[in-house]
Amino acid sequence: MNTNTFILSGLLLLLPGWISAQEHPLILRGSVETDHRLMLRGDQDWAWNENRLDLTLEKRVSPLRVVGNVWIRHLGPSIVEGSGDLFHKDKINPWNLDIRELYAEVHGFLFEDLDMKVGRQTIAWGTADRFNPTSNLNPHDLEDVLDFGRMMGSDAISLQWHFSHQSSLQTVYIPRFQPASMPLRPFSDLFAFPFEIPDIIPAPGTSDQLIMPRNNFSEGATIGMRWRSFAANTDYSLSYVYGRDPLPLPTSVTLSINQDTGVPHIHATLVYPRHHIIGADLAGSIGRVGVWGEMAVFIPETELIMQVHLPPHQMPIPMPDDEVILKKEPYTKIVVGSDYTFANGTYMNVQYLRGFLHERGRDQLSDYLILQTERTFLQNRLRIQPLAGGVSISEWDDPANHHAWFYTPEVSYQGIDNLVVSIGGYFFDGNGNNIFAGMKEKNMMRLHVKASF
Amino acid sequence: MYAMKTMMIKALLLLLALSGAGELAMAADAETILRRMDDVVFAGEDQKSSITLILIDRSGHERIREARVWQKGVNKRLFRFTAPAAEAGIAFLSLPDEVMYLYMPAYGRERRIASHVKNQSFAGTDFSYEDLEAEKYSKRFSPKDLEETEDHYIIQLEPLPDVRSDYSKIIIHINKKHFYPEKMKSFDRGGQEFKVAEYTFDKKGDYWYTKEIHMTNLKRDHSTRMIFEEVAFDTGLDDEIFTIRNLTRY
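The residue numbering used here restarts from 1 in each chain and proceeds along that chain's sequence as written. The lettering of chains begins at A and the numbering of ligands begins at 1, in the order of writing. The predicted nature of this model means local features are confined to residues of pLDDT at least 70 and side-chain atom pairs, given and counted, to a pLDDT of 80 or more, with totals for whole chains, interfaces and linings taken over all residues. Note that water and hydrogens are dropped before the side-chain values are worked out from all heavy atoms of the structure.

A. Inspection of the sheet that holds strand 16 (residues 323–326) of chain A at higher detail. Residues and elements named next belong to chain A. When DSSP finds two or more bridges between a pair of strands, those strands are recorded as paired. Helix numbers and strand numbers start at the N terminus; a helix is a DSSP run of H or I with at least 4 residues, a strand a run of E with at least 2. Strands sit in the order 8-12-11-15-16 across an open sheet of five strands; the sheet is mixed. A single partner strand is all that each edge strand has here, and the edge strands are strand 8 (205–211) and strand 16. Strand-to-strand twist across the sheet, computed as the mean angle between neighbouring axes with direction ignored, equals 20°. Of the pairings in the sheet, the one linking strand 15 (residues 304–309) to strand 16 comprises three bridges and is antiparallel in character. Looking at the pairing, Met 306 lines up with Glu 323 of strand 16. In this analysis an axis means a line fitted to C-alpha atoms, helices contributing only their contacting stretch, and an angle means the value between N-to-C directions, from 0 to 180 degrees.

Below is the structure:
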């Protein structure tokens, strides 16, 4: 079943009810955003140029609700390479259409306490702030890697049974696998898998092949369920997901050297391994302080070994050994957080993370401490985030060489209703194999304007 | 059991002796008046209304917010913004025992919020989350003093020992005839007067209801008019309205 058929089936199933009544008007809402980021080092290149129309259409005919959310965007600079490209407007002004969500939702489907949602949707689980290790149904949308926590919509059927006003069981079936999108430049190599080659070999060319799971009922599907409830003044949930890692891992690497030119080449084969994920989260308060915690145990289905090959008849060269990329042993990602608003109005949010979204395996998890402070002035018109950022340590045995920090201050001003102008900065530094250390040459300033309608 | 009762009676007698009979009688009157005010303010089994919030700065410039409010009993309330566009859909659910949730459509899920927000401005208005708390005054405050004018009872409230409030005291002017509040002066923890709320009441059926609250923040020289329209009582609001299931349905 392809995407269109899947969505269409859901809509056709619900169409009779939809056309039978017109008690609510069609709602159109959204925003126009423009986002520009300038690199502060080198030649001050533009790192990001985006103009986005975020459009949501909603029609409600109780108990049915149909929602569509699309982004129409002009993204990035011209990609003309030859004069022939000047005849293609989409290369002069690259643009794309992104269907973020498109679903039908029924409250009280078949039974009064059963809600059904079918179509492209994002399903956000977890109680932590933006970093949610238990939210694994949708693939990460890493296109704009600085927009942490953004997910892509998935074609899914979600059934949620409400046993009481506080307890519910949600089951989700996603029929086909969808990989995560990778960051655009200047962060396009951020999640590249490191492969060490002998020093005697010059920098190689690279290519790869993704082994996608078969697009059928069993291989590409993801299932999930979540029990949610409330006890001792605390919200909690338990969840389970069986699916595939949305970020690929290498299973084989072939290093070849052109016998005539001596130019080396690396070809990698990548797969999306399957895993079970058992999650738990809670949110509540201690005194007046907000607290939350979230934990996900990832259980890889198979061990993954990256085999290193030399083609037959290749001149022998010293090669790295085969490497276990992912052990068949559970590993746990954790987020613990807290927030508080001081008497002077300063809001503070602190989170500790063990394991970022791309880190897999017990010995690969790093520790992160993330802080955000915010203060508003002029009746919320002016919003300042003077202290926003964090630190990470990837190896506690040698923190001096395996640490990073990032600092992301921002000032926003809403001079008139529905228009917010923000100016901010992204600053990174660090050493070692650490995601934020990998950004350290890419400090930038940002101007973002959002007009809502 | 008997021994315990004897001890309690002795303790009450001791309190009477220490406080003075006249002062106790005045406090009792104040408590009665406060409870009667609660009965007026929290009239009806449930209530729903549309709200217009007009934010007025020191230059007289106005900004307008619109919302829908549903309330059941004295401690279940749902507040959902409908305008302006940038804030439409943002909703706040208040449940018993200071359980509060905020829903932001952009994130697609609710967020549990702790009581540290109570002293914060609600959506840029001059009302704090505490001002909008759906809980009877007599459950949160102790009346400390009483003064009577031709038209008003004037009582002074102080937070009960186990209640977390950002007000050190509140002075309320209560209409003698109908027992609705007409004016509230709120004092910060340092004892400084910093907010004044002026109430306009109207009658619908058997119930008096708040038609408008004009809240002035004396420190910020800023005020907010909260105007209630389309007020309806006892429409049989379902408990389902005050759930996360409904909160996230936008």
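B. Representation of the environment of A:Tyr347 in the model. Of note, A:Tyr347 is situated in strand 18 (residues 347–354). Distance in space between the C-alpha atoms of A:Tyr347 and A:Arg52 is 30 Å, their sequence separation being 295 residues. Residue contacts are defined here by distance: any two heavy atoms, one from each residue, within 4.5 Å place the two residues in contact. Apart from the residues within four sequence positions on either side, A:Tyr347 is in contact with A:Asp339, A:Tyr340, A:Thr341, A:Gln372, A:Thr373, A:Glu374, B:Arg111 and B:His116. Polar contacts, as used here, are pairs of N or O atoms within 3.5 Å; protein pairs need one atom able to donate a hydrogen and one able to accept it. Residues neighboring in sequence count only if both atoms are side-chain atoms. Within the structure, A:Tyr347 has its side chain in polar contact with the side chain of A:Asp339 (distance 2.9 Å).

C. Representation of the interface of chain B and chain A. Contacts between the two partners involve 35 residues from chain B and, on the opposite side, 50 residues from chain A. Here's the idea: put two parts together, see how much 1.4 Å probe accessible area each one loses, and the total over both is what we call buried area. On the chain B side of the contact with chain A, B:His116, B:Arg245 and B:Arg249 bury the most area, a combined 23% of that side's loss. We define a salt bridge as a contact between a side-chain nitrogen of Lys or Arg and a carboxyl oxygen of Asp or Glu at a distance within 4 Å. Here chain B and chain A share seven salt bridges between them. Note that A:Asp115 is salt-bridged to B:Arg245, the shortest N-O span being 2.4 Å. At the junction of chain B with chain A, the criterion picks out 21 residue pairs in polar contact (both at pLDDT 80 or more). Going through the elements one at a time, strand 2 (62–72), strand 5 (99–104), strand 6 (109–113) and helix 4 (244–247) of chain B are the ones with two or more residues in the side of chain B that touches chain A. It is strand 6 of chain B that provides the largest number of residues to the side of chain B that touches chain A, a total of four residues. Tallied by class, the residues present in the side of chain B that touches chain A amount to eleven nonpolar, seven polar and 17 charged. In this count, Pro and Cys sit with the nonpolar residues alongside Ala, Val, Leu, Ile, Met, Phe, Trp and Tyr, while Asp, Glu, Lys and Arg are called charged and the others, Gly among them, polar.

D. Fine view of the environment of A:Pro179. All names here are of chain A. Mapped onto the secondary structure, Pro 179 falls in the loop between strand 7 (168–174) and strand 8. Of the residues examined, Pro 179 reaches a relative accessible area of 23% and is grouped as partly exposed. Taking the C-alpha atoms as reference points, Pro 179 and Val 271, 92 residues apart in sequence, are found 10 Å from one another. The residues contacting Pro 179, other than those within four sequence positions of it, are Pro 139, Met 152, Met 212, Pro 246 and Tyr 272. Relative accessibility decides the category of a residue: with a 1.4 Å probe and only protein chains considered, values under 20% of the type maximum give buried, values over 50% give exposed, and everything between is partly exposed.

E. Representation of the pattern of salt bridges. All names here are of chain A. Applying the stated criterion across every chain yields a total of 50 salt bridges over all chains. Residues Arg 60 and Glu 58 are paired through a salt bridge, measuring 3.1 Å at the closest nitrogen-oxygen approach. For the residue pair Arg 60 and Glu 58, the accessibility class agrees, reading buried in each case. With its nearest N and O atoms 3.3 Å apart, the salt bridge here joins Arg 226 to Asp 281. Of this pair, Arg 226 sits in strand 9 (residues 222–231) while Asp 281 is found in strand 13 (residues 274–286), placing the two residues 55 residues apart along the sequence. There is no split in this pair, since Arg 226 and Asp 281 are both buried. Several salt bridges converge on common partners, so that one network encompasses Glu 33, Glu 50, Arg 52, Arg 73, Asp 98, Arg 100, Arg 130, Asp 141, Glu 143, Asp 147 and Arg 150.

F. Looking closely at the pairing of strand 22 (residues 403–407) of chain A. Residues and elements named next belong to chain A. Alternating residues of strand 22 divide into Ala 404 and Phe 406, all buried, and His 403, Trp 405 and Tyr 407, none buried. Of the pairings in the sheet, the one linking strand 21 (residues 388–393) to strand 22 comprises five bridges and is antiparallel in character. Note on strand 22: the bridge partner recorded for Gly 390 is Phe 406. One ladder, built from five bridges, connects strand 22 with strand 24 (residues 419–431); its direction is antiparallel.

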